[in-house]
Amino acid sequence: MSAAELTPPEAARWAARAGLPLSAERHAAAAATADHIHAVVAVLRELDFGDTPPAPAYRAGEERRDAAV
């Protein structure tokens, strides 16, 4: 899929291809939702998680509280 916005007919075609046929009145909403998800994922891909440990390394309740309240 390209970086261009998804059109309602394309959204309907992709949904049908995935086994999720949509009624005609839902095509525009599906396209808008897919475009929003694509925009959010694009922002997440730009983040640098270089020094961030993987989730299994996190232990709830063991974090250091060194900020004054």
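Preceding block: the structure.
Residues numbered from 1 in each chain as written. Predicted model: local features only at pLDDT ≥ 70, side-chain atom pairs only at ≥ 80, totals over all residues. Heavy atoms only, no water.

Caption draft 1: Broad picture of a nonpolar patch on the surface. On the surface, a nonpolar cluster with roughly 380 Å² of combined accessible area is contributed by Val40, Leu44, Leu47 and Phe49. With respect to the helices, strands and loops of the structure, leucine 47 is situated in the segment after helix H2 (27–46). (Patch = residues over 30% accessible without salt bridge, like charges linked within 9 Å, V, L, I, M, F, W, Y side chains within 5 Å. Areas by Shrake-Rupley, 256 points an atom, 1.4 Å probe, with all protein chains shown as cover. Salt bridge = Lys/Arg side-chain N within 4 Å of Asp/Glu carboxyl O. Helix = DSSP H or I, 4+ residues; strand = E, 2+ residues; numbered from the N terminus.)

Caption draft 2: Structural view of helix H1 (residues 8–17). Buried within H1 are the following residues: Ala11, Ala12 and Ala15. Buried residues along H1 cover an arc of 100° about the axis, so they all sit on one side. Turned more than 90 degrees off the buried face of H1, the exposed positions are Pro9 and Arg17. For H1, the secondary structure elements touched by its buried residues are H2. (Buried < 20%, exposed > 50% of the residue type's maximum accessible area, 1.4 Å probe, protein only. Arc of directions from axis to C-beta. Contact = heavy atoms within 4.5 Å.)

Caption draft 3: Main features of the packing of H1 against H2. Contact geometry of H1 with H2 gives a least axis separation of 8 Å together with a crossing angle of 85°. As judged from the angle between their axes, H1 and H2 are roughly perpendicular. Contacts between H1 and H2 involve Pro8, Ala11 and Ala12 on the former and, on the latter, His27, Ala28, Ala30 and Ala31. The residue inventory of the contact of H1 with H2, partitioned by class, reads six nonpolar, one polar and no charged. (Axes fitted to C-alpha atoms, helices over the stretch in contact; angles between N-to-C directions. Parallel < 35°, antiparallel > 145°, perpendicular 65-115°, else oblique. Nonpolar A, V, L, I, M, F, W, Y, C, P; charged D, E, K, R; others polar.)

Caption draft 4: Region of the structure containing the environment of alanine 34. One can find alanine 34 in helix H2. On the basis of relative accessibility, which here comes to 29%, the residue alanine 34 falls in the partly exposed class. A sequence separation of 23 residues divides alanine 34 from alanine 11, and the C-alpha atoms of the two residues are 7.9 Å apart.

Caption draft 5: Geometry of the side chain of histidine 27. In this structure, histidine 27 sits in helix H2. A polar atom in the side chain of histidine 27 sits 3.4 Å from the backbone oxygen of serine 23. Other than its neighbours up to four places away in sequence, histidine 27 contacts Pro8, Ala11, Ala12 and Leu22. (Polar contact = N/O pair within 3.5 Å; in protein donor to acceptor, adjacent residues only side chain to side chain.)

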